[in-house]
Amino acid sequence: MDEEHLVAGFKHYYGHRLGRDEHCKSPHYAYEALAMVVSDRLIERWKETYNAYREADCRRAFYLSMEFLMGRTLSNAMLNLDINDAVDNAMYKLGLELEELIDSEPDAGLGNGGLGRLAACFIDSCATLQLPVTGYGLRYEYGMFSQDIVNGEQVEKPDHWLRNGNVWEIERPEYTHRIKFGGRTETHVDDFGNKKVYWVDTHDILAVPFDTPIPGYRNGTVNTLRLWKATATEEFDLQEFNAGDYAESVAAKNTAENITMVLYPNDANENGKALRLRQQYLLASASLQDVIANWVGRHGNDFSEFAAKNCFQLNDTHPSVSVAELMRLLIDMYGLDWDEAWHITRNTMAYTNHTLLPEALERWPVDLFKQLLPRLMEIIFDINAHFLAEVSAHWPGDIDRLTRMSLIEEGPQQQVRMAYLAIVGSYSVNGVAELHSKLLQQGLFRDFYELWPEKFNNKTNGVTPRRWLAACNPELAQLITETIGDGWLTDLSQLKNLKPFADDKAFRKRWYQVRQNAKERLINYKKQEHDIELDADALFDVQVKRIHEYKRQLLNVLHVIYLYDRIKRGDTVDWTNRCVLIGGKAAPGYYMAKKIIKLINNVAHVINSDPDIGNKLKLVFMPNYRVSAMEKICPGADLSEQISTAGKEASGTGNMKFMMNGALTIGTLDGANIEIREEVGHENFFLFGLTEEQVEELSHHYDPVSIINQDEDLQRVMNLLECGHFNQFEPNIFDDIIASVKSPHDPWMTIADFRSYVNAQNHVEEAYRDKEHWIRMSILKAHNGFQGVS
Ligand code: B0W
């Protein structure tokens with residue numbers, strides 16, 4: 001771990017493994033050599049952790065997720081191994097800039113947004129808590145697309161993150177599993193009357209695992225993230241080859257490998273492609289076979305203790321075909337009877353729901369299921385038959401309820417309701433914030449809650465303070481550690497010990513200075529991409545997250561236009577300079593989200609090029625928002641925008657990252673905002689907007705046009721939009737946006753919350769002008785110790 005060994009290791013890899021010398025100018029190879037040196041230091045601990053869990057024979061959990069939004073690995077690994085300073089010195093000796101090497105690592109962007117990042121934060125925290133948790137996911141060749149902005153519009157570019165290899169992963173072909181698709185089932189009854197089903201004539205592929213080490217924080221533990229890559233089976237190649245069709249054989253290989261080629265970029269949006277179902281089944285089947293093979297290796301075919309020793313956490317419904325797959329493996333492959341297998345399944349599966357949005361609730365057509373996974377479809381029908389019998393026994397004669405609760409939705413096209421399959425097959429169902437869990441119980445899953453109230457619970461999301469404070473904002477982390485010690489890194493509640501220091505003038509001064517430095521770094525980071533001057537004294541008002549109507553980036557833009565209009569009218573007494581930074585990707589097929597990006601860019605262009613506006617107001621769209629960008633952005637924000645329509649954002653986790661770094665929040669009573677506000681104190685949170693109940697009530701008689709007519713400021717904002725002020729040479733391009741906010745059916749009720757949002761923003765400005773007061777709030781906000789599950 002010391003400097004000399006790090007230097008020697010680096011030289012060895014750089015010169016002998018990568019074959020580079022001092023003539024090589026690309027920082028990429030230096031990054032690779034350093035990553036190899038650091039990775040070496042994880043391997044022994046990794047093996048030891050594996051053996052320790054084996055010996056302890058404790059209960060193990062497997063986090064099944066279609067997304068792991070890991071971001072970069074190097075700086076997190078260095079932090080957790082406690083070798084930051086040694087590496088820094090070693091690189092200095094070698095004449096290298098550590099920062100530049102860190103920035104050479106491509107993000108592992110194997111996720112869309114909050115759901116994928118939550119999976120990444122969880123496995124990090126589990127390693128720190130020394131919990132025996134393994135992540136199972138897919139090794140997409142192409143991660144989340146990279147976003148360019150051309151003429152104000154989003155252009156997607158494929159993200160071939162593995163192009164230059166991946167130093168952190170280890171291929172483990174010895175744990176390959178075979179996955180079946182297609183074919184048909186045959187039922188045989190033996191001489192004793194026992195029924196056995198065979199799934200035959202299948203087109204198989206292989207799932208090959210690649211393991212990534214997940215180090216805990218300075219505790220010797222290294223857990224595993226195992227990602228599956230799809231490949232063709234060998235005999236498939238051979239058959240075709242012998243038939244003389246070499247080219248056909250290679251093409252078939254491609255078809256198999258396509259399955260893990262690309263991440264679907266549809267965050268909380270419709271997703272109905274057969275390839276996606278193949279991905280889901282591959283994840284479910286490979287992971288379950290893996291755990292079972294390990295079990296059988298140790299216990300033979302005795303599954304009596306399996307449920308007591310294993311649990312599978314389903315990250316939303318995406319891996320929920322696991323419920324049926326575990327039944328198939330136990331019954332068809334290991335000869336258990338239905339009741340035994342069902343008992344095991346129901347005691348090992350747990351399901352986390354992440355959204356109430358109807359468009360994100362997965363349903364698969366029965367026909368597609370039958371064709372792709374015929375055996376699984378039979379099992380789902382059987383599960384449904386048993387389940388509906390249970391419902392009938394509970395509510396005799398209640399046909400409506402049977403129809404509502406059936407795993408199969410009837411209609412012109414029968415569909416499998418994946419959320420219901422997950423609930424029926426699990427012992428635990430949780431939402432991700434208190435409000436969200438309550439709404440699940442009272443609304444979406446009400447029938448199921450009435451049947452099994454004991455299954456339902458809440459686990460409010462959390463984020464890892466190692467990546468989101470210690471690693472991304474070392475200066476602030478250092479100040480905190482100097483003040484209250486370093487216990488907060490593994491026990492966030494200790495941050496409350498900072499509270500008395502909010503009254504200490506010298507501490508406030510240092511806090512302010514550290515935050516200003518972070519703003520300067522953010523300004524420099526932005527300057528590399530944009531040629532725009534931002535003023536570090538201005539209020540940095542940031543909204544970064546996926547672009548979605550419910551998250552209401554539009555409300556933010558309406559407020560910016562309102563400020564612009566005020567400046568133009570000379571209404572600038574007691575003005576607070578403000579830089580509004582917005583970033584996020586739109587699902588490629590989401591028309592309105594893409595329009596919103598275009599609007600932000602057009603409004604930004606008008607404002608930033610108007611000499612009347614100057615430093616009073618800037619609007620910047622930050623392209624290609626991703627994990628590594630957030631690590632640069634969140635330390636430099638003053639204000640975090642969490643402004644979703646109440647009841648729509650299940651939790652939100654960006655809010656937590658900003659608050660740890662000392663930003664204040666403007667937000668609605670939605671998702672985890674509610675709990676954050678309780679923790680930090682109402683006076684340290686800028687609240688606005690309708691409550692979830694008010695949204696629901698208003699939806700019956702919502703009349704945005706009359707709201708506009710009664711509000712002069714809003715009228716002016718709408719006039720600017722409607723007269724084409726922001727699209728002078730692009731007529732009508734924003735008509736759909738204008739129509740959507742003016743529609744009485746607008747589910748996001750942007751207009752309804754405009755006035756209270758503007759008022760809350762006025763309070764923000766007032767508070768920001770009182771510097772001492774703002775710093776106090778920043779300290780209290782960051783450090784009242786909000787702690788979700790992290
Ligand atoms: C993500 C992807 C897909 C898909 O690819 O089909 C579907 C749904 C999601 C999704 N993401 N559903 N909810 C989320 C976000 O999850 C995080 C973590 O719990 C929450 O903080 C967000 O509020 C929620 O929108």
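Before reading further, recall that the structure is shown in the block above.
As the structure is a computational prediction, the values presented were derived from the model and not from experiment. (Residues numbered from 1 in each chain as written. Predicted model: local features only at pLDDT ≥ 70, side-chain atom pairs only at ≥ 80, totals over all residues. Heavy atoms only, no water.)

Chemist: Explanation requested: the nonpolar core in the structure shown.
Modeler: Soluble globular proteins tend to pack their nonpolar side chains together in the buried interior. Among the nonpolar cores identified, the biggest contains 97 residues, and Phe369 and Ile383 are the most heavily contacted of them. Here this core takes 10 residues from helix α9 (residues 274-299), the largest share from any one element. Aside from chain neighbours lying at most four places away, what touches Ile383 is Val323, Ala324, Met327, Trp338, Trp342, Leu407, Leu421 and Val424. In terms of nonpolar packing, the next biggest core, distinct from the first, is built from 66 residues, Leu554, Ile582, Ile643 and Val764 among them. (Core = buried A, V, L, I, M, F, W, Y, C linked by side-chain atoms within 4.5 Å. Buried < 20%, exposed > 50% of the residue type's maximum accessible area, 1.4 Å probe, protein only. Helix = DSSP H or I, 4+ residues; strand = E, 2+ residues; numbered from the N terminus. Contact = heavy atoms within 4.5 Å.)

Chemist: Whenever I open this one, the packing of helix α1 (residues 3-17) against helix α2 (residues 27-56) confuses me. Can you help?
Modeler: Axis angle and axis distance: for two packed helices, these are the angle between their axes and the distance between the axes, and together they describe the pair. For the pair α1 and α2, interaxial distance at closest approach is 9 Å and the crossing angle is 125 degrees. Put simply, α1 runs oblique to α2. The two elements α1 and α2 meet at a crossing, and its hand is right-handed. On the side of α1, the interface is formed by His5, Leu6, Gly9, Phe10, Tyr13, Tyr14 and Arg17, while α2 contributes Tyr29, Ala30, Ala33, Leu34, Met36, Val37, Asp40 and Arg41. Considered class by class, the residues forming the contact of α1 with α2 number 10 nonpolar, 2 polar and 3 charged. (Axes fitted to C-alpha atoms, helices over the stretch in contact; angles between N-to-C directions. Parallel < 35°, antiparallel > 145°, perpendicular 65-115°, else oblique. Left-handed = near helix turned anticlockwise from the far one by under 90°. Nonpolar A, V, L, I, M, F, W, Y, C, P; charged D, E, K, R; others polar.)

Chemist: Help me understand the site of the ligand, please; the structure alone is not making it clear to me.
Modeler: Neighbouring the ligand are 20 residues, the closest being Asn271, His354, Asn461, Glu649 and Gly652. His354 places a side-chain nitrogen or oxygen 2.6 Å from an oxygen atom of the ligand. Interatomic distance of 3.3 Å between a backbone N/O atom of Ala650 and an oxygen atom of the ligand. Contact with the protein chains removes 97% of the 540 Å² of surface that the ligand exposes when unbound. Here the shell around the ligand takes 3 residues from helix α6 (residues 114-128), the largest share from any one element. For the shell around the ligand, the residue count by class is 6 nonpolar, 10 polar and 4 charged. (Near = heavy atom within 4 Å. Polar contact = N/O pair within 3.5 Å; in protein donor to acceptor, adjacent residues only side chain to side chain. Areas by Shrake-Rupley, 256 points an atom, 1.4 Å probe, with all protein chains shown as cover.)

Chemist: Where do I start with the pairing of strand β13 (residues 310-315) in this structure?
Modeler: Remember that side chains alternate between the two faces of the sheet whenever the strand is regular. The buried count for β13 comes to 6 of 6 residues, which makes it a mostly enclosed element. Of the two faces of β13, both are covered, the one formed by Asn310, Phe312 and Leu314 as well as the one formed by Cys311, Gln313 and Asn315. Direction of pairing for strand β1 (residues 60-64) relative to β13: parallel, over a ladder of 5 bridges. By the bridge assignment for β13, Phe62 is matched with Phe312. Sheet analysis places β13 next to strand β14 (residues 349-352), joined by 4 bridges and oriented parallel. Each bridged residue has a counterpart across the sheet, and for Leu314 the counterpart in β14 is Tyr351. (Pairing = 2+ DSSP bridges.)

Chemist: Can you walk me through a negative patch on the surface in this structure?
Modeler: Taken together, the side chains of Asp85, Asp88, Glu97, Glu99 and Glu100 define an acidic patch exposed on the protein surface. Elements supplying a minimum of two residues to the negative patch: α4 (84-93) and α5 (98-104). As for its position among the elements, Asp88 is in helix α4. (Patch = residues over 30% accessible without salt bridge, like charges linked within 9 Å, V, L, I, M, F, W, Y side chains within 5 Å. Salt bridge = Lys/Arg side-chain N within 4 Å of Asp/Glu carboxyl O. Lys, Arg positive; Asp, Glu negative; His and termini not counted. Charge placed at Lys NZ, Arg CZ, Asp CG, Glu CD.)

Chemist: I keep staring at the packing of aromatic side chains and nothing clicks. Help me out?
Modeler: What describes a pair of aromatic rings is the distance from one ring centre to the other and the angle between the planes of the rings. Taken as a whole, this structure holds 25 aromatic pairs when the rule is applied. The interplanar angle of 55 degrees and the centroid separation of 6.2 Å between the aromatic rings of Trp199 and Tyr281 together place this pair among those described as tilted. Of this pair, Trp199 sits in strand β10 (residues 195-200) while Tyr281 sits in helix α9, and the two are 82 residues apart along the sequence. A single burial state applies to Trp199 and to Tyr281, both of which are buried. Taking the centre distance of 5.8 Å and the plane angle of 5 degrees together, the rings of Phe387 and Phe448 count as stacked. Taken together, the positions of Phe387 in helix α14 (residues 374-394) and Phe448 in helix α18 (residues 446-451) put the pair 61 residues apart, joining distant regions of the chain. (Phe/Tyr/Trp six-rings, centres within 6.5 Å; stacked < 30°, edge-to-face > 60°.)

Chemist: Help me understand the state of the cysteines in this model?
Modeler: Two cysteines whose sulfur atoms are joined by a covalent bond form what is called a disulfide. Summed over all chains, the structure comprises 0 disulfides. Distance from the sulfur of Cys311, which forms no disulfide, to the nearest cysteine sulfur (Cys126) is 10 Å. (Disulfide = S-S within 2.5 Å.)

Chemist: What exactly am I supposed to notice about the pattern of salt bridges here?
Modeler: Per the counting criterion, the structure on display carries 52 salt bridges. For Glu482, the salt bridge goes to Arg510, with nearest N and O atoms at 2.9 Å. Within this pair, whereas Glu482 is found in helix α20 (residues 474-484), its partner Arg510 is found in helix α21 (residues 505-529), the two being separated by 28 residues in sequence. Classification of Glu482 as partly exposed rests on a relative accessible area of 45%. Overall, the relative accessible area of 43% leaves Arg510 in the partly exposed class. Asp541 serves as the salt-bridge partner of Arg578, at 2.7 Å between the closest nitrogen and oxygen. Of this pair, Arg578 sits in strand β21 (residues 578-583) while Asp541 sits in strand β20 (residues 539-544), placing them 37 residues apart in sequence. Judged by relative accessible area, Arg578 falls into the buried class, the value being 1%. Residue class for Asp541 comes out buried when judged on its relative accessible area of 0%.

Chemist: Would you mind showing me how to read the sheet that holds β21 here?
Modeler: Think of a sheet as strands paired side by side through backbone hydrogen bonds, with each pair either parallel or antiparallel. A sheet is described by the order of its strands in space; here 6 strands give the open sequence β22-β21-β20-β23-β24-β25, paired in parallel fashion. Edge positions in the sheet fall to β22 (617-622) and β25 (685-687), since each has one partner strand and no second. Here the strands of the sheet are splayed against their neighbours by 20 degrees on average, with no regard to which way each runs. Note: β20 against strand β23 (residues 639-642), 2 bridges, orientation parallel. Within β23, the position partnered with Val542 by the bridge is Ser640. The strands touched by helix α22 (residues 553-569) are β20, β21, β22 and β23; relative to β21, the strand with the most contacts, the crossing angle is about 155 degrees.

Chemist: How should I be thinking about the layout of surface pockets in this particular structure?
Modeler: Over the atoms rolls a probe the size of a water molecule, and in doing so it shows where empty space is left. Estimated volume of the second largest pocket: approximately 1,300 Å³. Residue lining of the second largest pocket: 39 residues in total, with Glu99, Ile102, Ala471, Cys472 and Pro474 positioned closest to the centre. Looking at the lining of the second largest pocket, the elements that each hand over two or more residues are α3 (74-81), α4, α5, α19 (465-471), α20, α21 and α24 (627-633). Among the elements that make up the lining of the second largest pocket, the one with the highest residue count is α21 (7 residues). (1 Å grid on protein atoms, 1.4 Å probe; cavity = no way out; pocket = protein on both sides within 12 Å on 5 of 7 lines; lining within 4 Å. Points joined across faces, edges and corners; volume = space filled by probe spheres on them.)

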